[in-house]
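Now for the letters of each chain:
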Amino acid sequence: MTARIIGIGAYAPDQVVTNQDLTKFLDTNDAWIRERTGIGARHVSTSEGTSALATEAAKRAIADAGISPEEIEIVIVATSSPDRAFPSAAADVQGAIGAKHAVAFDITAACSGFIYALHIVQGFIQAGIYKTALIIGAYTLSKVLDWTDRSSCILFGDGAGAAVVRADETGVVKTLVGSDGTKNDVLYCQARSLENCLTGGKPELGFMQMDGQEVFKFAVKKVPEIVNAILEETGTDREAVQHYLLHQANIRILEAASRRLKVPMDKIPVNIERYGNTSAASIPILLDEMHRDGRLKRGDTLVMAGFGAGLTWGAALMTW
Ligand code: ACO
């Protein structure tokens, strides 16, 4: 048995912030952002938290799968911007959707989170522990961005994407994940200070810090590397893959991956223009769009690949 995605859903908050909107308070311009990143706009949540976005995406995925929430045995939310330190966003979702038989927890793997979650449920399904899972990538990064830092805040947007995954004969062929904690300072966000307030420490929330060029160099090397590895390890011809769904971080990273992999851009779908980088939500949001507009056909072979803070990376090859 393997994991198969049987339902997919996505949700982004209503408020859209265009590049032009950013120029009202930031020394930037639409041309620079489009040329360097491919981003034209992003969704920004003003009232909903990560759990609310995750819950809405989950409800849509469950409706798409045509199952009852009570059939779900495990809920995993991949996020680094939960509404609270605890309980988990997954616990909020589990309660809100009525998945009363499910165990629920979060994972932190930044933009690789959706692939990590798929990797985890694949293991549970192969081991025969669970049959039906709900995995969600959900982020409200707008709340941890430094909106005065033009080199990072222009990149990100809020959103959530969810998938119902069930044990089946076909589906995921292989997942491959990795981490390099020696590069943990390339992209990070300080959490609440662990200094004890009783001894004079002041709890503070930090903003995201990013060495953009280091992340860029890492991504253009790592994405082709893991895609090639998963093709090789599964004995799959690159031409046999219909769609390469790569984490939507920057159009130039996607174009570099296309050149290095010798895969044409028409096999690498792009929606970054409308969403920006939604971290672990970017791949399931893309899956949802392609499922709804008919680009994904049952039986298609897909490769998904993500990378992010940690540093982390992950890829999956599967039959849709
Ligand atoms: N508008 C206008 N000018 C800007 C902006 C902006 N928003 N941001 C930076 N600049 C300026 C810089 O100040 C610099 O000016 P200078 O030459 O006078 O010093 C110039 O533009 C070039 O800056 P660079 O940093 O060299 O620009 P670069 O081409 O490297 O692009 C970028 C920066 C877009 C951040 C790029 O490095 C990138 O996309 N990196 C990857 C980031 C990423 O994907 N992060 C997410 C990872 S996934 C996760 O885990 C969340």
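Residues numbered from 1 in each chain as written. Predicted model: local features only at pLDDT ≥ 70, side-chain atom pairs only at ≥ 80, totals over all residues. Heavy atoms only, no water.

Q: Just give me the short version of the overall build of the chain, but keep the residues and values in it.
A: Looking only at helices and strands, the chain features nine helices and 13 strands. In terms of C-alpha radius of gyration, the chain reaches 19 Å, essentially the compact-globule figure of 20 Å for 320 residues. Taken along the three principal axes of its C-alpha coordinates, the chain extends 55 × 50 × 40 Å. Burial status across the chain gives 54% buried among its 320 residues. A sequence separation of at least 24 residues applies to 76% of the contacts in the chain between residues at least 6 apart. Summed over all atoms, the accessible surface of the chain reaches about 13700 Å², with 51% contributed by carbon and sulfur. When the 31 basic and 37 acidic side-chain charges of the chain are each reduced to a single mean position, those positions are 2 Å apart. (Helix = DSSP H or I, 4+ residues; strand = E, 2+ residues; numbered from the N terminus. Rg over C-alpha atoms; globule rule 2.2 N^0.38 Å. Buried < 20%, exposed > 50% of the residue type's maximum accessible area, 1.4 Å probe, protein only. Contact = heavy atoms within 4.5 Å. Areas by Shrake-Rupley, 256 points an atom, 1.4 Å probe, with all protein chains shown as cover. Lys, Arg positive; Asp, Glu negative; His and termini not counted. Charge placed at Lys NZ, Arg CZ, Asp CG, Glu CD.)

Q: Which residues make up the pattern of salt bridges, and what are the values?
A: Side chains bearing opposite charge may pair, as long as their charged atoms lie close to each other. The tally for this structure, following the rule as stated, stands at 17 salt bridges. For the salt bridge of Asp168 with Arg4, the shortest nitrogen-to-oxygen distance reads 3.7 Å. Residue Asp168 is found in strand 7 (residues 159-168), and its partner Arg4 is found in strand 1 (residues 2-11); the two are separated by 164 residues along the sequence. A salt bridge links Lys221 to Glu225, with the shortest nitrogen-to-oxygen separation between them at 3.6 Å. Remark: Glu225 and Lys221 occur in helix 6 (residues 212-234); sequence separation between them is four residues, near one turn of the helix. According to the relative accessible area criterion, Lys221 is exposed, its value standing at 52%. Given the relative accessible area of 36%, Glu225 is considered partly exposed. Here the salt bridges share partners, and the residues they tie into one network are Asp30, Arg34 and Glu273. (Salt bridge = Lys/Arg side-chain N within 4 Å of Asp/Glu carboxyl O.)

Q: Give a description of the sheet that holds strand 5 (residues 103-107) that names residues and reports values.
A: Reading across from one edge, 1-7-6-4-5 is the order of the five strands in this open sheet, with mixed pairing throughout. The open sheet has two edge strands, strand 1 and strand 5, and neither has a second partner. Averaged over all adjacent pairs, the angle separating strand axes in this sheet is 20°, with direction ignored. Of the strands in this sheet, strand 1, strand 6 (132-139) and strand 7 touch helix 3 (residues 50-65), which is tilted by about 120° from strand 1. (Pairing = 2+ DSSP bridges. Axes fitted to C-alpha atoms, helices over the stretch in contact; angles between N-to-C directions.)

Q: So what's going on with the environment of Glu73? Which residues, and what values?
A: Inspection of the secondary structure assignment puts Glu73 in the loop between helix 3 and strand 4 (74-78). You can call Glu73 partly exposed: its relative accessible area is 24%. Measuring from C-alpha to C-alpha, the distance between Glu73 and Leu118 comes to 14 Å, with 45 residues separating the pair along the chain. Leaving out residues up to four positions away in the same chain, Glu73 has contacts with His101, Ala102, Val103, Ile129, Tyr130, Lys131 and Thr132.

Q: Quick rundown of the site of the ligand? Include the residues and the values.
A: The immediate surroundings of the ligand are formed by 26 residues, with Thr28, Arg36, Cys111, Gln213 and Asn250 found nearest. In this structure, a nitrogen atom belonging to the ligand sits 2.6 Å away from a side-chain N or O atom of Thr28. One of the side-chain nitrogen or oxygen atoms of Trp32 is found 3.4 Å away from an oxygen atom of the ligand. When the ligand sits alone it has 1000 Å² of accessible area, and the protein chains cover 75% of it. Those elements that place two or more of their residues in the shell around the ligand are helix 2 (30-37), helix 6, helix 7 (251-261) and strand 12 (301-308). The greatest single-element share of the shell around the ligand, amounting to four residues, is contributed by helix 6. Considered class by class, the residues forming the shell around the ligand number 14 nonpolar, nine polar and three charged. (Near = heavy atom within 4 Å. Polar contact = N/O pair within 3.5 Å; in protein donor to acceptor, adjacent residues only side chain to side chain. Nonpolar A, V, L, I, M, F, W, Y, C, P; charged D, E, K, R; others polar.)

Q: Kindly report on the pairing of strand 11 (residues 243-246), identifying the contributing residues and their values.
A: By the alternation rule, side chains of strand 11 split into His243 and Leu245 and Tyr244 and Leu246, which are all buried. Note that strand 11 and strand 12 share four bridges and pair parallel. For Leu245, the partnering residue across the bridge sits in strand 12 and is Met304.

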